[in-house]
Amino acid sequence: FTEEKLGQAEKTELDPHLENLISRADSTKNWTEKILRQTEVLLQPNPSARIEEFIYDKLDKKLPSRTTNPELLGQYMLEAANEFGPGTPYGSTLITVGEYQKRLGGAERELLQTSAATFLTPLRNFLEGDWRTISKERRLMENRRLDLDICKARLKKAKQAEAKAAAAPDFQETRPRNYVLSASASALLSEEVDKAEHDLRVAQTEFDRQAEVTRLLLEGISSTHLNHLRCLQDFAEAQATYYAQCHHYMQDLQRELHKCANAASVPQPPAAVCPDPVSSAFLSGPSSPGATVSSLSSQRPSTLAMEQTQLPVTGTRKAKVLYDYDAHDSSELSLLADELITVYTVPGMDPDWLIGERGNQKGKVPVTYLELLS
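Residues numbered from 1 in each chain as written. Predicted model: local features only at pLDDT ≥ 70, side-chain atom pairs only at ≥ 80, totals over all residues. Heavy atoms only, no water.

Asker: Got a minute to help me understand the nonpolar core in this structure?
Answerer: When a protein is soluble and globular, its nonpolar side chains tend to lie buried together. Counting residues in each nonpolar core, the largest one holds 44 residues, and the members touching the most others are Leu14, Leu18, Ile22, Phe119, Met141 and Leu218. Of all the secondary structure elements, the ones that give two or more residues to this core are α2 (16-43), α4 (69-84), α5 (89-167), α6 (176-219) and α7 (221-265). The element contributing the most residues to this core is α5, with 19 residues. Ignoring any residue separated from it by four or fewer positions in sequence, one finds Leu14 in contact with Glu19, Ile22, Met141, Arg145 and Phe207. Residues Ile341, Tyr344, Ile355 and Leu372 belong to the second largest nonpolar core, which totals 19 residues. (Core = buried A, V, L, I, M, F, W, Y, C linked by side-chain atoms within 4.5 Å. Buried < 20%, exposed > 50% of the residue type's maximum accessible area, 1.4 Å probe, protein only. Helix = DSSP H or I, 4+ residues; strand = E, 2+ residues; numbered from the N terminus. Contact = heavy atoms within 4.5 Å.)

This is the structure we're talking about:
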């Protein structure tokens with residue numbers, strides 16, 4: 001091996017196909033390591049927590065349940081609300097936001113668990129299982145190749161010695177003693193050549209067998225790519241679910257806060273406070289949109305919400321969209337800020353909703369996202 005590095009020994013070249021398989025496997029291993037490490041950083045930015053997970057994994061012990069950062073923030077908010085008084089505007093808002101922070105933390109926990117099971121674990125199993133087997137067989141193949149090259153070098157030297165002895169005969173072979181010595185030396189050289197040829201055949205057979213084993217393992221990298229492809233799709237699906245949940249939670253939180261802001265701007269009996277967030281839609285299903293943002297409601301008459309809920313049953317009016325709105329199902333109409341649509345109501349309809357029309361499109365729209373025009 002040292003002579004090869006110094007350029008003083010010939011090296012048996014591997015089959016080009018095998019070389020390509022080795023290069024592909026090395027790239028797979030290197031990029032899998034990078035993707036695995038960065039995914040762990042993405043899902044768990046805290047280095048101490050990652051080290052703790054690594055230690056528990058190596059000790060084959062169950063990792064203790066850890067509170068996510070949003071859950072911890074939500075818990076702090078709920079405790080602060082109890083301290084300040086849940087009946088106060090600040091306390092009730094802390095309860096509302098705290099509950100939704102805990103729900104965001106629950107969604108994050110679900111993402112971590114799903115990603116670990118469907119994405120991180122398969123990648124880690126490849127690096128710690130299949131790749132170790134491939135590396136072991138590759139090292140064994142390299143040793144077999146070195147043995148083969150040694151046998152080739154020995155055979156080459158033996159043949160050179162035999163050819164040199166045949167080309168330079170002893171001129172004193174007529175003397176009995178020298179003749180016997182020369183014949184003995186020739187026999188030894190011939191025996192050395194035969195032994196070197198036998199060792200070369202054995203080494204070649206062992207190398208070919210090990211190269212075939214290594215080739216079969218390396219060709220399995222294609223199956224690994226397919227498996228990682230499915231895992232990647234599962235990871236992307238888990239992320240999509242997580243971000244959709246977060247978006248839904250934040251929209252619902254925004255509606256709850258809008259209701260609180262509007263409730264504070266309209267004179268009410270002393271007992272009327274912000275609705276209990278625990279009864280929100282995500283404990284039982286999707287919720288109805290609330291009122292508008294407080295900063296915008298302060299710029300419009302406080303009776304706007306009442307006016308919006310008292311539309312004529314059959315009449316239609318133009319309305320300007322205040323904010324973007326994404327429809328949650330086929331019965332709703334998506335909205336873009338600043339566009340104009342036609343709205344009307346129907347008997348028995350929820351006062352928080354109107355029927356909106358835009359061209360050939362029609363669906364329910366939340367009242368709080370609209371500014372009715374004369």
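Asker: Help me out: how do you make sense of the pattern of salt bridges in this one?
Answerer: By the definition in use, this model includes 13 salt bridges. As a salt-bridge pair, Arg145 and Glu142 come within 2.7 Å of each other at their nearest N and O atoms. Here Arg145 pairs with Glu142, and both are found in helix α5, just three residues apart, close to one helical turn. Using a relative accessible area of 1% as the deciding quantity, one classes Arg145 as buried. Taking the relative accessible area as the measure of exposure, Glu142 reaches 26% and is therefore partly exposed. Residues Arg358 and Glu339 are paired through a salt bridge, measuring 2.8 Å at the closest nitrogen-oxygen approach. Placement of Arg358 in strand β3 (residues 353-358) and of Glu339 in the loop between β1 (317-321) and β2 (340-344) is noted, with a sequence separation of 19 residues between them. The class of Arg358 is partly exposed, set by a relative accessible area of 25%. Overlapping salt bridges, with partners in common, bring together Glu142, Arg145 and Asp149 in one network. (Salt bridge = Lys/Arg side-chain N within 4 Å of Asp/Glu carboxyl O.)

Asker: Help me out: how do you make sense of α4 in this one?
Answerer: Structural remark: α-helix, 3.6 residues per turn; residues separated by three or four positions point the same way. Taking 1.5 Å per residue, 16 residues should reach 22 Å; α4 reaches 22 Å between its end C-alpha atoms and fits that length. Buried within α4 we find Pro70, Glu71, Gly74, Met77, Leu78 and Ala81. Seen end-on, α4 carries its buried residues on one side only, within an arc spanning 120 degrees. Opposite its buried face, α4 presents the exposed residues Asn69 and Glu83, each directed more than 90 degrees away. Once α4 ends, the next one or two residues include Gly85, with phi positive near 105 degrees. (Expected span 1.5 Å × (residues − 1). Arc of directions from axis to C-beta.)

Asker: Could you clarify how one ought to interpret the pairing of β3 in this entry?
Answerer: Regular strands place side chains that alternate from one sheet face to the opposite one. Sheet analysis places β2 next to β3, joined by three bridges and oriented antiparallel. The partner of Tyr344 across the bridge, within β3, is Ile355. Inspection of the sheet shows β3 paired to strand β4 (residues 361-366) by six bridges, in the antiparallel sense. Its bridge partner lying in β4, Glu357 is registered against Lys362. Joining the antiparallel neighbours β3 and β4 is a turn of two residues, in which Gly359 adopts a positive phi near 65 degrees. (Pairing = 2+ DSSP bridges.)

Asker: Teacher, can you tell me more about the environment of Lys364 here?
Answerer: Note that Lys364 resides in strand β4. Ignoring any residue separated from it by four or fewer positions in sequence, one finds Lys364 in contact with Ser331, Glu332, Leu333, Met349, Trp353, Leu354 and Ile355.

Asker: Looking at this structure, how should I read α2?
Answerer: Spanning 28 residues, α2 covers 40 Å between terminal C-alpha atoms, matching the ideal 40 Å at 1.5 Å per step. Of all the residues in α2, the buried ones are Leu18, Leu21, Ile22, Ala25, Thr28, Lys29, Thr32, Leu36, Thr39 and Leu43. With a side-chain oxygen lying 3.0 Å from the backbone nitrogen of His17, the N-terminal cap of α2 falls on Asp15. (Polar contact = N/O pair within 3.5 Å; in protein donor to acceptor, adjacent residues only side chain to side chain.)

These figures capture arrangement, not role.
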